[in-house]
Amino acid sequence: MLLYSLFGASILLVLVCLGLIFVNNNKQTAAIQAKQKQLQEAQQQLSILRSEVAEMRAGMLSIGKRVVAVEEKSKELEQLQDAQKYDDPNAKIYSRAVKMVELGADLEEIIRECELPRAEAELLMSLHKQKGAQ
């Protein structure tokens, strides 16, 4: 009888241990499933972020290309402007007259050296004085 009691207690102990193992296994399975769900959500977020970064990179490249094009156009226009300044004989005369005014030449000297009409020479002198007063 004692043997049957020990046998019954042993079986009961084995069943309790199996039950605890089963419960523990279920908890671990639930924890693993929760972690897998978190991992999937993180992978989805990572995928979204990668696509957003790719879009931003494409946008930045496009902006960069536009900036380069604008800089090239600006240099081209600057070169054209410089070329026109040196190609136009009248512009040379006025540039020289302005330089003379800046260096302190008097009205008669500017008229004589640059062959400008008196009214234009007076206008250049007047503009230079106004510019200096500001």
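Refer to the structure presented above.
Cut-offs used in this document
- Residues numbered from 1 in each chain as written.
- Predicted model: local features only at pLDDT ≥ 70, side-chain atom pairs only at ≥ 80, totals over all residues.
- Heavy atoms only, no water.
- Core = buried A, V, L, I, M, F, W, Y, C linked by side-chain atoms within 4.5 Å.
- Buried < 20%, exposed > 50% of the residue type's maximum accessible area, 1.4 Å probe, protein only.
- Helix = DSSP H or I, 4+ residues; strand = E, 2+ residues; numbered from the N terminus.
- Polar contact = N/O pair within 3.5 Å; in protein donor to acceptor, adjacent residues only side chain to side chain.
- Arc of directions from axis to C-beta.
- Patch = residues over 30% accessible without salt bridge, like charges linked within 9 Å, V, L, I, M, F, W, Y side chains within 5 Å.
- Areas by Shrake-Rupley, 256 points an atom, 1.4 Å probe, with all protein chains shown as cover.
- Salt bridge = Lys/Arg side-chain N within 4 Å of Asp/Glu carboxyl O.

Draft legend 1. Representation of the nonpolar core. Of all hydrophobic cores here, the largest spans 12 residues; its members are Ala97, Met100, Val101, Ala105, Leu107, Ile110, Ile111, Cys114, Leu116, Ala121, Leu124 and Met125. Contributing elements (two or more residues each) for this core: α2 (89–102), α3 (107–114) and α4 (118–133). Among the elements that line this core, the one with the most residues is α3, at 4 residues.

Draft legend 2. Structural view of the environment of Ser51. Checked against the element boundaries, Ser51 lands in helix α1 (residues 2–87). Of the residues examined, Ser51 reaches a relative accessible area of 35% and is grouped as partly exposed. Within the structure, Ser51 has its side chain in polar contact with the backbone oxygen of Ile48 (distance 2.7 Å).

Draft legend 3. Broad picture of α3. Every buried residue of α3 is accounted for by Leu107, Ile110, Ile111 and Cys114. Projected down its long axis, α3 shows its buried positions confined to an angular sector of 100°, all on one face. Backbone geometry just after α3 places Glu115 at a positive phi near 55°.

Draft legend 4. Region of the structure containing a nonpolar patch on the surface. On the surface, a cluster of nonpolar side chains totalling about 300 Å² of accessible area is made up of Leu12, Val16 and Leu20. One can find Leu12 in helix α1.

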